[in-house]
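Tertiary structure, described
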Amino acid sequence: MDYKESIEWLFRQLPMFSRVGAAAYKPGLERSEALSRQFGDPHRRWKSIHVAGTNGKGSVSSLIAATLQSQGYKTGLYTSPHLVDFRERMRINGEKIPESRVVDFVERWRAMDYQGDKPSFFELTMMMAFEWFAAEEVDYAVIEVGMGGRLDSTNIITPILSVITNISKDHTQFLGDTLAAIAGEKAGIIKPGIPAVIGEATEETEPVFRAKAAEAGTTLREAYREIDKGANEALRCELHGAYQEKNVNTARVAIDSLRRIGVEISRDAEERGFREVCELTGFQGRWTVLKESPLTICDTGHNEAGLRYNLRQLQEILSKREGGVLRFVIGFVADKDVDHILPMFPADAEYYVTQAAIPRAMSCEELLRRCQERGLCSHLYQSVKEAMAAAEAEATPQDIIYIGGSTFIVADALGN
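Residues numbered from 1 in each chain as written. Predicted model: local features only at pLDDT ≥ 70, side-chain atom pairs only at ≥ 80, totals over all residues. Heavy atoms only, no water.

1. Digging into the pattern of salt bridges
Rules: The rule for a salt bridge is simple: a side-chain nitrogen of Lys or Arg has to be within 4 Å of a carboxyl oxygen of Asp or Glu. Note on conventions: DSSP H or I runs of at least 4 residues are helices, E runs of at least 2 residues are strands, and numbering of each starts at the N terminus. Only protein chains enter the accessibility calculation, which uses a 1.4 Å probe; a residue is then buried when its area is under 20% of its type maximum, exposed when over 50%, and partly exposed in between.
The final tally for this structure, using the stated rule, is 32 salt bridges. A salt bridge links arginine 101 to glutamate 131; its shortest N-O distance comes to 3.9 Å. Of this pair, arginine 101 sits in helix α5 (residues 99–111) while glutamate 131 sits in helix α6 (residues 121–135); the two residues are 30 residues apart in sequence, bridging distant segments of the chain. Judged by its relative accessible area of 13%, glutamate 131 is buried. Among the salt bridges present, the one from arginine 327 reaches glutamate 394, with a minimum N-O distance of 3.7 Å. A residue pair is termed long-range when its members are at least 10 positions apart, and arginine 327 in strand β11 (residues 326–330) and glutamate 394 in helix α17 (residues 384–394) qualify at 67 residues. Through salt bridges with shared partners, a single ionic network connects Asp339, Glu366, Arg369, Arg370 and Glu373.

Written out as structure tokens, the structure reads:
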């Protein structure tokens, strides 16, 4: 079995939530714990930082990992989903897991006489990462939660620090339809005696976090009450987009919290980690500028909170471009509540409606209908690349092309 065959087997045999949606969702820790025992509990052989949140957890995870790496620690980073290459999900010091290691893990798994419940795609690939981190003897691993927190399979770890970036409504069918309920799920990563950092909170979510920290008998730092604009600006973060300001602040407070529990991190390492985060970790897809003329930006923001930030920033840029037009190459997943999202989009823009090449994608015909109901000037394209080409052909140097709506639209835009 070669690498391509191994990946195809993983995708075919194990339902993958990001591709098929609810049918692949398996909440609970029992399978992950049983699976971990099967592989010798590899997560107990390295120290971890656990990062949850609705938006920004990938950015914050990467900033922390890049800083630890800059300090000289051998650093694992586990994130999801991937954009182009499955191996993006697990890295050590920025290097993706080798193809041979993926093949070896899949072959060993298939040969095992495993009697437990069949794991999900996420559970098994998480164990692949955990075992690789243990085999390579990483010093630290930054682990991004997949969904929620309390019942997420990554919650088998006992980290040295827990971080929750923010809360907004997303995956409400699984996590609850109020901010307090969602906060309760994400607060599930807060553990007894383990310090925690909260990046953002509201009147509805703050009491949830405080109650959970009190119950766990641990310290809680509220990064949103420790905003230091001067310190954040001095870090000269490589990640652009207005929403990154809060992520930078959250990551900075998290790193300071690591220092407070004895992790040696110099100021120089922190500055380099923020300044070179993309190069150090391979991070991409967050306000990534693909082209300067016409200005072409892709971003994986896909829920109401993330898109609101992006739309505001796009309007600010457009206001400085006389005669410029916003051109959106957009698509969503089928279970996205677009009726709450589409009203946020400007009516005086051009829309190139498309769909990602995954089963979970909302059909471009359905999205076109929804857009036209909202009076949005829309054109239909069967693939992201076709939509991009059409937008670029019609754009002037003053225009802005924005590619997004879902992680998978961005993945198709970045793919070959």
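After that view, the rundown keeps rolling.
2. A word on a negative patch on the surface
Where we set the bar: Residues forming no salt bridge and having over 30% relative accessible area are the ones grouped into patches, like charges within 9 Å of each other and nonpolar side chains (Val, Leu, Ile, Met, Phe, Trp, Tyr) within 5 Å. To measure how exposed things are, a 1.4 Å probe is used in the Shrake-Rupley method; for residues, cover is taken only from the protein chains shown. In summary, the charge assignment counts Lys and Arg as positive and Asp and Glu as negative, without counting His or the chain termini. Just so you know, the charge point we use is NZ for Lys, CZ for Arg, CG for Asp and CD for Glu.
Where like charges cluster on the molecular surface, the negative patch consists of Asp2, Glu5, Glu8 and Glu99. Its place among the elements puts glutamate 99 in helix α5.

3. Digging into the environment of tyrosine 114
Spelled out, the test is: Here, two residues are considered to be in contact whenever any of their heavy atoms come within 4.5 Å of each other. Each polar contact in these results corresponds to two N or O atoms within 3.5 Å; when the atoms are within protein, one needs to be able to donate a hydrogen and the other to accept it, and residues that are neighboring in sequence are counted only if both atoms are side-chain atoms.
Mapped onto the fold, tyrosine 114 is located in the loop between α5 and α6. Residues within four places of tyrosine 114 in sequence aside, it is in contact with Arg31, Ala34, Leu35, Gln38, Trp109 and Pro119. Of note is the side chain of tyrosine 114, whose polar atom sits 3.5 Å from the backbone nitrogen of leucine 35.

4. Considering the side chain of threonine 281
Here threonine 281 is to be found in helix α13 (residues 277–281). Note on threonine 281: relative accessible area 3%, which makes it buried. Setting aside residues up to four positions removed in sequence, threonine 281 forms contacts with Ser62, Ala65, Ala66, Leu77, Arg91 and Gly94.

5. Points about the side chain of histidine 50
Tracing the backbone through its elements, the reader meets histidine 50 in strand β1 (residues 47–52). Given a relative accessible area of 0%, histidine 50 falls into the buried group. Setting aside residues no more than four positions away along its own chain, histidine 50 makes contact with Ile143, Val145, Thr154, Asn155, Ile157, Pro159, Leu161, Ser162, Val163, Ile189 and Lys191.

6. What about the pairing of strand β13 (residues 377–380)?
Note the following rule: Any two strands with at least two DSSP-identified bridges between them are counted as paired. With its strands directed away from the observer, a crossover is right-handed exactly when the path from the first strand over the helix to the second travels clockwise.
Sheet analysis places strand β12 (residues 350–353) next to β13, joined by 4 bridges and oriented parallel. Along β13, the bridge assignment pairs tyrosine 352 with histidine 379. Chirality of the crossover, the property in question, places the unit of β12, helix α16 (residues 364–373) and β13 among those that are right-handed.

7. Some details on the sheet that holds strand β7 (residues 196–198)
Within a beta sheet, neighbouring strands are joined by backbone hydrogen bonds and run either parallel or antiparallel to one another. To keep things clear, this is the line we draw: Whenever a helix is involved, its axis is fitted only over the stretch in contact; in every case the axis is a line through C-alpha atoms, and angles between N-to-C directions fall within 0 to 180 degrees.
Read from one edge of the open sheet, 8 strands run β4-β3-β2-β5-β1-β6-β7-β8, paired in mixed fashion. Strands with a single pairing partner mark the edges of an open sheet, and in this sheet they are β4 (95–96) and β8 (220–222). In this sheet, strand β6 (residues 161–164) lies alongside β1 in parallel orientation, the contact comprising 4 bridges. Counterpart to alanine 52 in the pairing with β6 is isoleucine 164. Against the sheet, helix α11 (residues 244–260) contacts β1, β6, β7 and β8, and its axis sits at roughly 165° relative to β6.

8. Let's talk about the packing of aromatic side chains
What counts, and what does not: Two rings belonging to Phe, Tyr or Trp (six-membered ring only in the last case) form a pair when the distance between their centres is within 6.5 Å. Interplanar angles under 30 degrees mark stacking, angles over 60 mark edge-to-face geometry, and anything in between is tilted. Criterion for a charge above a ring: Lys NZ or Arg CZ within 6 Å of the ring centre, and within 35 degrees of the ring normal.
Applying the stated rule across the entire model yields 17 aromatic pairs. Seen from their ring centres, phenylalanine 328 and tyrosine 402 are 5.8 Å apart, and the 65° between their planes marks the pair as edge-to-face. Of this pair, phenylalanine 328 sits in strand β11 while tyrosine 402 sits in strand β14 (residues 400–404); the two residues are 74 residues apart in sequence, bridging distant segments of the chain. The residues phenylalanine 328 and tyrosine 402 share a single accessibility class, namely buried. Look at phenylalanine 345 and tyrosine 351: their rings are 6.1 Å apart centre to centre, the planes differ by 70°, and that puts the pair in the edge-to-face class. In this structure tyrosine 351 comes out as buried when scored by relative accessible area, which is 0%. Ring pairs connect the aromatic residues Trp46, Tyr78, Phe122, Phe130, Trp132 and Phe133, which therefore count as one cluster. It is arginine 87 that lies over the ring of tyrosine 3; its NZ or CZ is 5.9 Å from the centre.

9. Points about the sheet that holds strand β9 (residues 288–292)
Ordered by their spatial adjacency, 6 strands build an open sheet running β9-β10-β14-β11-β12-β13, and the pairing between neighbours is mixed. With partners counted over all chains shown, the strands left at the sheet margins are β9 and β13, one partner each. Within the sheet, the average angular offset between the axes of one strand and its neighbour, ignoring direction, is 20°. Two elements, strand β10 (residues 295–298) and β14, share 4 bridges in a ladder whose sense is parallel. Looking at β14, one finds that cysteine 298 is bridged to isoleucine 403. Against the sheet, helix α14 (residues 304–318) touches β10, β11 and β14, its axis set at about 170° to β14.

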